[in-house]
Amino acid sequence: MMFSTILVPVDVSLPGETQKLLSHAKAFSQPWGSTLHVVSVIPNVGMPIVGSYMDKGFEQTAQSETEAALKRQIADVGIEAKSYVLNGTVYDRVIALANSLDVDLIMIGAHQPELKDYLLGSNAARLVRHSHKSVLVLRD
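Quantities reported herein were computed from a predicted structural model and do not represent experimental measurements.

*Asks:* Explain unusual backbone geometry to me, using residue names and the numbers behind them.
*Replies:* In the Ramachandran plot, aspartate 102 falls in the positive-phi region, its phi being about 55° despite a non-glycine side chain. Within the secondary structure layout, aspartate 102 lies in the loop between α4 (90–101) and β4 (105–110). Residue classification places aspartate 102 among the exposed residues on the basis of a relative accessible area of 52%.

Below, the structure written as structure tokens:
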């Protein structure tokens, strides 16, 4: 089996892109019977001054809403996958999860780049550069 465990990072706030990426992951993983893990990362609020503008319970609400959206989007595509919602910097958290799960492949979508990103979006580019795992970048 070439890729027995695949990690798919998604942004649940972009349901169309998430559905497309999960559909590709489904088609890609089925021939190998791969185990799929799907993760969404909620960025940290950051500095205390920024957090002071958020409603009390914002982080818990964001966590539970993201978990529900992720499970719904996974179900909509009809795949079996373990889901994770993490907090922090996207590429750091994805790389850490990929290492802890010992995945064979990270499958990520790349948005249309800005000039400063050259060929890949910033998170996809960082994953490709810094991950010790194989990374497959899917373009629109």
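There's more to say after this.
*Asks:* So what about the packing of aromatic side chains? Which residues, and what values?
*Replies:* According to the stated counting rule, one finds three aromatic pairs in the structure shown. Note on phenylalanine 3 and phenylalanine 28: the rings are 5.8 Å apart at their centroids and 35° apart in plane angle, and the pair reads as tilted. Linking phenylalanine 3 in the segment before β1 (5–9) with phenylalanine 28 in helix α1 (residues 15–29), this pair joins segments that are 25 residues apart in sequence. Look at phenylalanine 28 and tryptophan 32: their rings are 5.1 Å apart centre to centre, the planes differ by 65°, and that puts the pair in the edge-to-face class. Phenylalanine 28 sits in the partly exposed class, given a relative accessible area of 26%. Take tryptophan 32: its relative accessible area is 27%, and that puts it in the partly exposed class. Through a chain of ring-to-ring contacts, the aromatic side chains of Phe3, Phe28 and Trp32 assemble into a single cluster.

Quick notes on the rules
- Numbers given to residues run from 1 along each chain, matching the order in which its sequence is written.
- Selection of residues for local features in this predicted model requires a pLDDT of at least 70, selection of side-chain atom pairs for listing and counting requires 80 or more, and totals for whole chains, interfaces and linings are taken over all residues.
- Remark: hydrogens and water are excluded; side-chain values derive from all non-hydrogen atoms of the structure.
- Put simply, DSSP marks the helices as runs of H or I at least four residues long and the strands as runs of E at least two long, and each gets a number from the N terminus on.
- Categorising residues by exposure relies on relative accessible area from a 1.4 Å probe, with only protein chains included: less than 20% of the type maximum marks a residue as buried, more than 50% marks it as exposed, and the intermediate range marks it as partly exposed.
- When the centres of two rings from Phe, Tyr and Trp lie within 6.5 Å, Trp using its six-membered ring, the rings pair. Their planes under 30 degrees apart give stacked, over 60 give edge-to-face, and anything left gives tilted.

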